[in-house]
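One-letter residues, chain by chain:
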Amino acid sequence: MAKAHSYKFCFGPWNISEGSDPYGPTTRPAQTFDWKLAQLKKLGFDAMMFHDDDAVPDIDSKSTAQILKQAKELKKRLDGEGIAAEMTAPRLWFAPQTVDGAYTSNDPKHRQYAIDRSLRCIDIGNILGTDLLVLWLAREGTYLREAKNAKRSTELLVQAFDKMLAHDKKVRLSIEPKPNEPMDHAYIPTIGHALAVAQLTHDPKRVGALIESAHCILAGLDPADEIDFCMTFGKLWSLHLNDQNGLKYDQDKPFGSTNLRSAFNQVRVLERNKYGSRGEYVCFDVHPFRTTKVEHWLAHLDNSRRTFLKLVEKSRSFDEAKSKQLIADRDYQALDQMVIEHLLGK
Ligand code: XLS
Ligand code: MG
């Protein structure tokens, strides 16, 4: 199996979830943050990603001084365990103030709440030692188009991003596109939209993106192509690998669980673009199945990392010379079969 030295791995506390879904309650008792942190290194992971209220629970009930104090305490713990913070992300989809959107809410007070919370999240990231602010724009969209207008919403997003860029000269905004869910339609559905909006900000070189496999699939796009497109701009700063079985709710399935060929192609483009050589992490934004027993609670993370490393091996052992010759002959049937048999193993 490929040595993990060329890739560093990451997950978030929310990836060790309790199994509830819209049609049923949890099937596993909640684990403590301490327990989740303790599993990370055992699984061969290097970093944890944090929503602002993962780092500072009940953040809305705390003063700035309390928030910064708790962030410093967390930083001390992470340093003690040799765990890096990969990113921070404002969780702008739970609070009552974001019921009608965060940065694009029709209520100016709610827009201000979202911006203030994002600036605090940047301060938390500074303390935890990461310059990456991930912006999954969960509620920036509509249930019905007549409630908002997309041009104004895009302008409001740019204004919010500019306030974050002005707040801290080092922060890098990593927009995580997703076409829908929870919204009926989201405003930044693909990597193309994310990189286009970046160009409208005051400092486009500090606005990049995060790609999630499932979100590309929900947009009817190929994750490998989205990765390659983003790498063309040098702006893939984080990555949530997982899988998705068609157009439905976001499944956050283990990497390779539905489409091994697509997973192989994602790894192949990451290899080709030397993703990770500039300090980027491979994060798995995956959830256990609802049926998963407590004793198998970490398998989805361990399996995703194992699959990734085995596909790194498959990518490195792929007969590139033979494939180049088949491409030169435009013999794509043979190339197709060659990939299939390579993945099936001898
Ligand atoms: C949800 C998003 C979320 C972000 C982190 O679909 O993928 O998990 O990545 O808040
Ligand atoms: Mg994600």
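All residue numbers refer to position in the chain's written sequence, counted from 1. Starting at A for chains and at 1 for ligands, labels are handed out in the order in which the entities are written. pLDDT decides what is reported in this predicted model: residues at 70 or higher carry local features, side-chain atom pairs at 80 or more are listed and counted, and totals for whole chains, interfaces and linings draw on all residues regardless. Heavy atoms from the whole structure form the basis of all side-chain values; hydrogens and water molecules are not counted.

On to the overall build of the protein chain, then. Note on conventions: DSSP H or I runs of at least 4 residues are helices, E runs of at least 2 residues are strands, and numbering of each starts at the N terminus. Within the protein chain, the regular secondary structure consists of twelve helices and ten strands. The globule rule is 2.2 Å times the number of residues to the power 0.38, and the radius of gyration it is compared with is taken over C-alpha atoms. Computed over its C-alpha atoms, the radius of gyration of the protein chain comes to 20 Å, within 12% of the 20 Å expected for a compact globule of 346 residues. Taking the principal axes of the C-alpha coordinates as reference, the protein chain spans close to 60 × 45 × 40 Å. Taken over 346 residues, the protein chain has a buried fraction of 53%. Intrachain contacts of the protein chain at a sequence separation of at least 6 include 77% that bridge at least 24 residues. Accessible surface for the protein chain amounts to roughly 15,800 Å². Of this, 55% is attributable to carbon and sulfur atoms. Positive charges come from Lys and Arg alone, negative charges from Asp and Glu alone, with His and the N- and C-terminal ends not counted. Charged side chains are reduced to one point each, which is NZ for Lys, CZ for Arg, CG for Asp and CD for Glu. Taking the average place of the 48 positive charges on the side chains of the protein chain and the average place of its 47 negative ones, the gap between the two points comes to 3 Å. Per-residue accessibility, obtained with a 1.4 Å probe over protein chains only, is compared with the maximum for each type, and a residue is labelled buried under 20%, exposed over 50%, and partly exposed between these values. A contact between two residues is defined here by any heavy atoms of the two lying within 4.5 Å. Here, Shrake-Rupley sampling with a 1.4 Å probe gives the accessible areas, and only protein chains in the shown set may cover a residue.

Right, let's talk about the coordination of the magnesium ion (ligand 2) for a bit. Ideal coordination angles are 109.5 degrees for a metal with four donors arranged tetrahedrally and 90 or 180 degrees for a metal with six donors arranged octahedrally. Ligating atoms shown are N, O and S within 2.8 Å of the metal, or 3.2 Å for Na, K and Ca, and water is not included, meaning a site may look less than complete. For the magnesium ion (ligand 2), the full set of protein donor atoms is Glu176 (OE), Glu212 (OE), His240 (ND1) and Asp285 (OD), at a range of 1.9 to 2.4 Å. A site with four donors is called tetrahedral when every donor-metal-donor angle falls between 85 and 135 degrees; four donors are called square planar, and six octahedral, when opposite donors sit more than 155 degrees apart and all other angles fall between 65 and 115; any other arrangement is irregular. Around the magnesium ion (ligand 2), the six donor atoms sit at angles spanning 79 to 169°, and that spread fits a shape best called octahedral. Look at where the donors of the magnesium ion (ligand 2) fall in the sequence and you get E-x35-E-x27-H-x44-D. With a gap of 28 residues between them, glutamate 212 in strand β8 (residues 207-212) and histidine 240 in strand β9 (residues 236-241) connect regions that are remote in the sequence. On the basis of relative accessibility, which here comes to 1%, the residue glutamate 212 falls in the buried class.

Around ligand 1 sit Trp14, His51, Trp93, Trp136, Glu176, Lys178, Glu212, His215, His240, Asp250 and Asp285, and those are all the residues in its vicinity. In the model, an oxygen atom of ligand 1 is placed 2.4 Å from a nitrogen or oxygen of the histidine 51 side chain. By the criterion applied in these results, polar contacts are pairs of N or O atoms within 3.5 Å in which, for protein atoms, one can donate a hydrogen and the other can accept it, and in which residues neighboring in sequence qualify only through two side-chain atoms. Separating an oxygen atom of ligand 1 from a side-chain N or O atom of aspartate 285 is a distance of 2.7 Å. Both site types are read off a 1 Å grid over the protein atoms alone. A 1.4 Å probe that fits but cannot get out defines a cavity, while an open set with protein on both sides within 12 Å along at least five of seven lines defines a pocket; lining residues have an atom within 4 Å of a point. Any molecule with more than half of its atoms within 2 Å of a cavity's or pocket's grid points is counted as sitting in it. Placement of ligand 1 is best described as lying within the largest pocket. When residues are grouped by polarity, Ala, Val, Leu, Ile, Met, Phe, Trp, Tyr, Cys and Pro land in nonpolar, Asp, Glu, Lys and Arg in charged, and all others, Gly among them, in polar. Partitioning the shell around ligand 1 into residue classes produces three nonpolar, three polar and five charged. We call a residue near a given molecule or strand whenever any one of its heavy atoms falls within 4 Å of it.

Tracing the sequence through the fold places glutamate 140 in the loop between β4 (132-136) and β5 (141-142). Salt bridge criterion: a side-chain nitrogen from Lys or Arg within 4 Å of a carboxyl oxygen from Asp or Glu. Here glutamate 140 sits buried without a salt bridge, and the closest side chain of opposite charge, lysine 148, lies 5.5 Å off (N-O distance). Within the local environment of glutamate 140, its side chain forms a polar contact with the side chain of threonine 104, the two groups lying 2.5 Å apart.

The next thing to look at is the packing of helix α3 (residues 64-81) against helix α4 (residues 108-128). All axes are obtained by fitting lines to C-alpha atoms, using only the stretch in contact for helices, and the reported angles, taken between N-to-C directions, cover 0 to 180 degrees. Look at α3 against α4: their axes get within 8 Å of each other, and the N-to-C directions meet at 30°. It follows from the interaxial angle that α3 and α4 lie roughly parallel. The chirality of how α3 crosses α4 is right-handed. Along its contact with α3, which presents Thr64, Ile67, Leu68, Ala71, Lys72, Leu74, Lys75 and Leu78, the element α4 presents Arg120, Asp123, Ile124, Ile127 and Leu128. When an angle is under 35 degrees it counts as roughly parallel; over 145 it counts as roughly antiparallel; between 65 and 115 it counts as roughly perpendicular; any other value is oblique. Crossing handedness follows the turn of the near helix against the far one: under a right angle anticlockwise gives a left-handed crossing, and clockwise gives a right-handed one.

This part takes up the pairing of β8. Among the six residues in β8, six count as buried, and that is most of the element. Pairing analysis gives three bridges linking strand β6 (residues 172-176) to β8, with the strands arranged parallel. Bridge pairing in β8 places serine 174 opposite glycine 208. Being paired, for any two strands, means DSSP has found at least two bridges between them. In this sheet, β9 lies alongside β8 in parallel orientation, the contact comprising four bridges. In the sheet register, leucine 210 faces β9, and the bridge partner there is serine 238.

Another point: the layout of surface pockets. Grid points are joined across faces, edges and corners, and a volume is the space filled by probe spheres set on the points. Computed from the structure, the largest pocket encloses a volume of approximately 1,200 Å³. Together, 38 residues line the largest pocket, and Ser17, Ser20, Asp250, Asp252 and His287 are the ones closest to its centre. Put simply, the parts of the chain that give the lining of the largest pocket at least two residues each are β3 (84-89) and β4. Residues belonging to the lining of the largest pocket are distributed by class as follows: 16 nonpolar, eight polar and 14 charged. Volume-wise, the second largest pocket comes out at about 280 Å³. As for the second largest pocket, its lining consists of 16 residues, and the residues nearest its centre are Arg172, Trp237, Arg278, Gly279 and Glu280.

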